[in-house]
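# Secondary and tertiary structure notes
Here's the letter readout for the chains.
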Number of protein chains: 2
Amino acid sequence: MASRGQRAADTASRVLDVAERLLQTRGYNGFSYADVAAELKLTKASLHYHYASKATMGEALITRYASRFAAALEQIDARPIDAPTKLAAYARLYAEVLRGKRMCMCGMLAAEYRTLPKPMRDAVIGFFDDNEAWLTNVLTRGREDGMLRFAGSPAETAQMIVSGLEGAMLVARPYDDMSRFQAAAGRLLENLVAPDPRRVGRITSN
Amino acid sequence: MASRGQRAADTASRVLDVAERLLQTRGYNGFSYADVAAELKLTKASLHYHYASKATMGEALITRYASRFAAALEQIDARPIDAPTKLAAYARLYAEVLRGKRMCMCGMLAAEYRTLPKPMRDAVIGFFDDNEAWLTNVLTRGREDGMLRFAGSPAETAQMIVSGLEGAMLVARPYDDMSRFQAAAGRLLENLVAPDPRRVGRITSN
DNA sequence: GTCTATAGGCAGATAGAC
DNA sequence: GTCTATCTGCCTATAGAC
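Let me sum up the structure you'll find in this document. (Residues numbered from 1 in each chain as written. Chains lettered and ligands numbered in written order. Predicted model: local features only at pLDDT ≥ 70, side-chain atom pairs only at ≥ 80, totals over all residues. Heavy atoms only, no water.)

Around DNA strand D, 17 residues are found, and the nearest of them are Thr43(A), Ser46(A), His50(A), Ser32(B) and Lys54(B). Among the atoms of DNA strand D close to the protein, meaning within 4 Å, 62% are from sugar or phosphate groups. Contact distances for DNA strand D include 2.7 Å between a phosphate oxygen and a side-chain N or O atom of His50(A). Between DNA strand D and Lys54(B), the relevant distance is 2.7 Å, taken from a phosphate oxygen to a main-chain nitrogen or oxygen of the residue. For the surface near DNA strand D, the secondary structure elements donating two or more residues are helix 3 (44-50) of chain A together with helix 2 (33-40) and helix 3 (44-50) of chain B. Each residue belonging to the surface near DNA strand D can be placed in one class, and the counts come to 7 nonpolar, 7 polar and 3 charged. (Near = heavy atom within 4 Å. Polar contact = N/O pair within 3.5 Å; in protein donor to acceptor, adjacent residues only side chain to side chain. Helix = DSSP H or I, 4+ residues; strand = E, 2+ residues; numbered from the N terminus. Nonpolar A, V, L, I, M, F, W, Y, C, P; charged D, E, K, R; others polar.)

Below is the structure:
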């Protein structure tokens, strides 16, 4: 059938594209409907047709972001790679966000957490939970087959990785310096890799 | 001299006290003069007498916060303790902020960095630079006398510590869970302590 | 120093024409 | 779907009386 396909993304998703960038660079309380509308050459009223309230738009933003992230994690799982390489690929997801001069959306929202409407809060928590669950799985298997070595539980270690990478993004952004992130992320993960076998790839590319 | 002493803090500093808490919990773009005025039972106009603009108030907030932090670091240096214990004391400074359900002021401002006036941006960078300089010194001496062991430069490791602790606060706050911070911070620092000598204190208290 | 009053602008949101 | 027009409320900031 067809009708029109997806040649040009529909307005609703282009709205999210612009709002997403503003959210990740300026924060939820740092951009307005007027900002998004101006960039798309629409009116504020038109935006309200697509997203009745800013809170609704915020929920849609997190949902889409979390879905993309989840898809990226599935992509990593689809590749036949060992645990250390999976962790490196995971860190690379963060590096790519930072390369676009953006903060992780949910890291940004974590800072503003107390100002967010409840549905957005829950979605932020859900994002971190999902990430930690994935990491916990990788860490558990990696330790089992001897590729990883770390003290404490896999769940605790997953929390440390998530918060370590979020913090590395947070601090690197004011300096506008990717190498700060690379150094912190690399140091964070290299402590987890068992020293025995010959390692293949670097923790972070570029 | 004398006149009145400091019995009740003067209005200017009580303004900063309230604004500081709002900034650390809601972010710079998440509170207003009206919020501060209401809490102190003053009018917005009175606040403008003490701080002509919100940007001016913001600068004063960072300056005072950074001074306090610097004083706390001097306190640590005044004690006759080894490098691992200094690092533990450093992490405890962050833990105390988090216990008050606050984010590190400059971590919060790092998230909102792109929306800040230039003087505030510079002050945020200065805070991180000072912290990393202090840590770099501790790390350098600690490695020299064999109490610490880490790969990479002291400066890089200092960056990892700062960003790791900032991230641990950032993520722990939505969960309102101190133990998340304690776990991440503890894991972060224990990788730096040389295994040889008998260790004394835990990384974080409480 | 603190107030009342107000300016001038921008926020999120709605009504209703096209 | 997008528009014009408008509402209400909050924002930062200022003028000027007390």
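In the vicinity of DNA strand C, 17 residues are found, and the nearest of them are His48(A), Lys54(A), Thr43(B), Ser46(B) and His50(B). For DNA strand C, the backbone makes up 57% of the atoms found within 4 Å of the protein, where backbone means sugar plus phosphate. Lys44(A) places a polar side-chain atom, nitrogen or oxygen, 3.3 Å from a base oxygen of DNA strand C. In the environment of DNA strand C, a base nitrogen lies 3.2 Å from a nitrogen or oxygen atom belonging to the side chain of His48(A).

Before going further, it helps to spend a moment on helix 9 (residues 178-190) of chain B. The end-to-end C-alpha distance of helix 9 of chain B is 18 Å, a good match for the 18 Å that 13 residues give at a rise of 1.5 Å each. Within helix 9 of chain B, 10 of the 13 residues are buried, which leaves the element mostly enclosed by the surrounding structure. Among all positions in helix 9 of chain B, only Arg180(B), Phe181(B), Gln182(B), Ala183(B), Ala184(B), Ala185(B), Gly186(B), Arg187(B), Leu188(B) and Leu189(B) are buried. Where helix 9 of chain B is buried, its residues touch helix 7 (118-144), helix 8 (154-175) and helix 9 (178-190) of chain A together with helix 5 (83-99) and helix 8 (154-175) of chain B. (Expected span 1.5 Å × (residues − 1). Buried < 20%, exposed > 50% of the residue type's maximum accessible area, 1.4 Å probe, protein only. Contact = heavy atoms within 4.5 Å.)

Residue and element names in this part refer to chain A. By the secondary structure assignment, Thr-11 is in helix 1 (residues 11-26). On a C-alpha basis, the gap between Thr-11 and Leu-42 in space is 9.9 Å, while along the polypeptide they are 31 residues apart. Residues within four places of Thr-11 in sequence aside, it is in contact with Leu-42 and His-50.

Reports of interface size often rely on the accessible area that becomes lost once the parts have come together. At the interface, 37 residues of chain B touch 37 residues of chain A. Counting each side, the surface lost to burial between chain B and chain A is near 3,600 Å², with a carbon and sulfur contribution of 61%. Looking at the side of chain B facing chain A, the largest losses of area belong to Leu170(B), Pro174(B) and Arg187(B), adding up to 17% of the total buried there. Remark: the boundary between chain B and chain A carries 4 salt bridges. (Buried area = accessible area lost by both parts, 1.4 Å probe. Salt bridge = Lys/Arg side-chain N within 4 Å of Asp/Glu carboxyl O.)

Counted by the stated rule, this structure contains 22 salt bridges over all chains. One salt bridge in this structure joins Lys86(A) and Asp77(A), with 2.9 Å as the shortest N-O distance. Exposure remark for Lys86(A): the relative accessible area of 14% places this residue in the buried category. The residue Arg102(B) makes a salt bridge to Glu20(B) at a minimum N-O spacing of 3.5 Å. Residue Arg102(B) is located in the loop between helix 5 and helix 6 (105-111), and its partner Glu20(B) is located in helix 1 (residues 11-26); the two are separated by 82 residues in the primary sequence. Within this structure, Asp17(A), Glu20(A), Arg64(A), Arg68(A) and Arg102(A) form a network of salt bridges that share partners.

Next up on the list: the packing of helix 8 of chain A against helix 7 (residues 118-144) of chain B. Put simply, helix 8 of chain A and helix 7 of chain B touch, their axes get as near as 10 Å, and they point 120° apart. In terms of orientation, helix 8 of chain A lies oblique with respect to helix 7 of chain B. For the element pair helix 8 of chain A and helix 7 of chain B, the recorded crossing hand is left-handed. Contacts between helix 8 of chain A and helix 7 of chain B involve Val171(A), Pro174(A) and Tyr175(A) from the first element and Ile125(B), Phe128(B) and Asp129(B) from the second. (Axes fitted to C-alpha atoms, helices over the stretch in contact; angles between N-to-C directions. Parallel < 35°, antiparallel > 145°, perpendicular 65-115°, else oblique. Left-handed = near helix turned anticlockwise from the far one by under 90°.)

This paragraph deals with the relation of the copies chain B and chain A. Rotating chain B by 180° and moving it 0.0 Å along the rotation axis overlays it on chain A with an RMSD of 0.0 Å. Such a turn and shift between the copies fits a two-fold axis. Ranked by how close their C-alpha atoms come to the rotation axis, the residues of chain B are headed by Gly167(B), at 1.7 Å. Looking at chain B, 100% of its interface residues are interface residues in chain A too, so the copies touch through the same face. (Least-squares fit on C-alpha atoms with pLDDT ≥ 70 in both.)

Any functional reading would require information beyond the geometric quantities listed.
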